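# Reading the structure
Chain residues, written in single-letter form:
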Amino acid sequence: MAMRTAVIPAAGLGTRFLPATKAVPKELMPIFDTPALQLVMDEAIGAGVEHIVVVSNVAKPGIEEYLKPSQDTVDRVRKSGRTELADRLARIGNDVRVSIAYQDKPRGLGHAVSCARAAVGDEAFALLLPDEIMGDSSLLLQMAQMHNATGKTVVGLKRVPKDEVSAYGVITTTGTTGAHGEVTITGVVEKPKVEDAPSDIIIIGRYVLAPDMFDILETLAPAPSGEIQLTDALLIGANARTVDGVVSDIERHDTGTPMGWLQTVIELTLKRSDVGTELRNWLKGTLS
Ligand code: G1P
């Protein structure tokens with residue numbers, strides 16, 4: 001069955017971004033003028049999903065506020081003549097079905113995914129981590145097509161310089177790569193030390209998970225930290241050879257740290273046709 005639903009985990013407390021995240025959920029911090037959450041929702045919609053499940057935390061009411069349609073805001077902006085922006089605002093929370101699931105405590109990515117189970121139902125779904133922003137929907141589309149062909153879980157991957165691997169899940173493969181980066185994953189380890197990392201191929205926060213992943217997650221015992229790791233479920237799938245991946249060269253930005261977020265804002269704003277030139281000229285002047 002085609003992938004209909006995307007899950008976006010957004011329940012984390014954003015400790016690395018304090019004090020900003022005391023009031024503003026990290027997923028709503030703007031990339032110039034658009035929340036990262038919106039960019040990730042747009043990527044999912046571009047890959048054809050009809051339903052988005054955002055996993056939030058009751059301590060982050062801003063997420064719900066953002067996803068609620070707001071006719072007042074739309075009317076105010078339309079009155080001021082900014083029709084394109086008004087149309088864009090009118091689409092938020094209306095262009096596809098949006099549900100919110102709640103994670104009571106930060107108990108790991110695997111637990112956050114389990115919290116979306118009732119909203120997703122017993123079918124394959126996309127999982128997009130909003131810390132990472134991709135240039136377009138092409139990788140997710142490719143992964144959905146691979147899942148449709150095989151029924152397997154598919155994970156988005158990228159080669160990075162070896163000294164960057166420790167912040168990510170790192171995988172091993174059978175060693176054979178298809179014409180479009182397709183691999184079969186044989187192992188995965190979460191955030192290894194550089195010297196222990198089995199490869200330079202990391203998981204980049206895009207997944208198409210087969211429904212059996214929900215069952216596997218329920219069998220997992222929490223780590224001593226109390227967290228249930230998605231990586232542990234992927235390892236069980238990898239051992240059974242039911243997890244494929246795509247080693248992709250897609251444009252990717254990691255907003256997971258304040259510096260990564262700032263670099264993302266600058267890089268993506270430089271690409272904009274409306275304000276990119278102005279920013280480039282200002283940067284040149286400031287740096288000279
Ligand atoms: C999570 C995953 C990790 C993956 C990363 C991608 O880690 O656990 O395997 O490589 O996302 O961004 P987190 O960044 O939530 O610590």
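In the block above lies the structure referred to throughout.
The structure contained in this document is the topic of the report that follows. (Residues numbered from 1 in each chain as written. Predicted model: local features only at pLDDT ≥ 70, side-chain atom pairs only at ≥ 80, totals over all residues. Heavy atoms only, no water.)

A few words on the overall build of the protein. Tallying secondary structure elements over the protein gives 11 helices and 13 strands in all. Against the 2.2 N^0.38 benchmark of 19 Å for 288 residues, the protein shows a C-alpha radius of gyration of 19 Å, consistent with a compact globule. Counting over 288 residues, the protein shows a buried share of 47%. If you take every contact in the protein between residues at least 6 apart in sequence, the share linking residues at least 24 apart comes to 77%. With the model as given, the accessible surface of the protein reaches about 14,100 Å², and the carbon-plus-sulfur share is 54%. Side-chain charges in the protein split into 29 positive and 37 negative, and the spacing between the mean points of these groups amounts to 3 Å. (Helix = DSSP H or I, 4+ residues; strand = E, 2+ residues; numbered from the N terminus. Rg over C-alpha atoms; globule rule 2.2 N^0.38 Å. Buried < 20%, exposed > 50% of the residue type's maximum accessible area, 1.4 Å probe, protein only. Contact = heavy atoms within 4.5 Å. Areas by Shrake-Rupley, 256 points an atom, 1.4 Å probe, with all protein chains shown as cover. Lys, Arg positive; Asp, Glu negative; His and termini not counted. Charge placed at Lys NZ, Arg CZ, Asp CG, Glu CD.)

This part takes up the pattern of salt bridges. Following the criterion strictly, the structure yields 16 salt bridges and no others. A salt bridge links D131 to K26, with the shortest nitrogen-to-oxygen separation between them at 2.3 Å. Placement of D131 in the loop between β6 (125-128) and β7 (132-134) and of K26 in the loop between β1 (5-9) and β2 (30-31) is noted, with a sequence separation of 105 residues between them. Given the relative accessible area of 28%, D131 is considered partly exposed. Across the pair E251 and K271 runs a salt bridge whose closest N-O atoms are separated by 3.4 Å. A residue pair is termed long-range when its members are at least 10 positions apart, and E251 in the loop between β12 (243-247) and β13 (252-254) and K271 in the loop between α10 (258-270) and α11 (276-287) qualify at 20 residues. Residue E251 is classed as partly exposed on the basis of its relative accessible area, which comes to 30%. Linked by salt bridges that have partners in common, D33, R272 and D274 make up one network. (Salt bridge = Lys/Arg side-chain N within 4 Å of Asp/Glu carboxyl O.)

Moving on: unusual backbone geometry. Of note, the bond from L18 into P19 is cis; its omega dihedral lies within 30 degrees of zero at 5 degrees. Mapping P19 onto the fold places it in the loop between β1 and β2. One non-glycine residue, F32, adopts positive backbone phi at about 65 degrees. Examined against the element boundaries, F32 turns out to sit in the loop between β2 and β3 (34-35).

Here E132 is to be found in strand β7. Look at E132 and you get buried, because its relative accessible area is 5%. Contacts of E132, omitting those with residues within four sequence positions, involve V40, Y168, I203, I204, G205, R206, R252, H253 and D254.

This next bit is on the nonpolar core. M3, L37, I52 and L128 are the most contacted members of the largest nonpolar core, which has 42 residues in total. The contact partners of L128, leaving out residues within four places of it in the chain, are A6, V7, I8, P9, V40, E43, A44, L140, G205 and R206. Among the nonpolar cores identified, the runner-up in size contains 34 residues, and A11, A101, I185 and I201 belong to it. (Core = buried A, V, L, I, M, F, W, Y, C linked by side-chain atoms within 4.5 Å.)

Between helix α3 (residues 71-79) and helix α4 (residues 83-91), the shortest axis-to-axis distance is 8 Å and the interhelical angle comes to 170 degrees. Relative to α4, α3 is oriented roughly antiparallel. Note on element contacts: α4 touches α3 through T83, L85, A86, D87, L89 and A90, opposite T73, V74, V77 and R78. Of the residues contributing to the contact of α3 with α4, the split by class is 6 nonpolar, 2 polar and 2 charged. (Axes fitted to C-alpha atoms, helices over the stretch in contact; angles between N-to-C directions. Parallel < 35°, antiparallel > 145°, perpendicular 65-115°, else oblique. Nonpolar A, V, L, I, M, F, W, Y, C, P; charged D, E, K, R; others polar.)

A pair of packed helices can be characterised by two numbers: the angle between their axes and the separation between those axes. α11 packs onto α10 with a crossing angle of 120 degrees between their chain directions and a minimal axis gap of 7 Å. Considering their axes alone, α10 and α11 lie oblique with respect to each other. Each of I266, T269 and L270 in α10 lies in contact with α11, whose residues at this interface are G276, L279, R280 and L283. The class makeup of the residues in the contact of α10 with α11 is 4 nonpolar, 2 polar and 1 charged.

With that settled, consider the site of the ligand. In the vicinity of the ligand, the residues found are L129, E132, Y168, G169, E190, K191, I203, G205, Y207 and T231. Within the backbone of G169, an N or O atom sits 2.9 Å from an oxygen atom of the ligand. Residue I203 places a main-chain N or O atom 2.7 Å away from an oxygen atom belonging to the ligand. Taking 380 Å² as the accessible area of the ligand by itself, protein coverage stands at 80%. It is strand β11 (residues 201-209) that contributes the most residues to the shell around the ligand, 3 residues altogether. For the shell around the ligand, a count of residues per class yields 4 nonpolar, 3 polar and 3 charged. (Near = heavy atom within 4 Å. Polar contact = N/O pair within 3.5 Å; in protein donor to acceptor, adjacent residues only side chain to side chain.)

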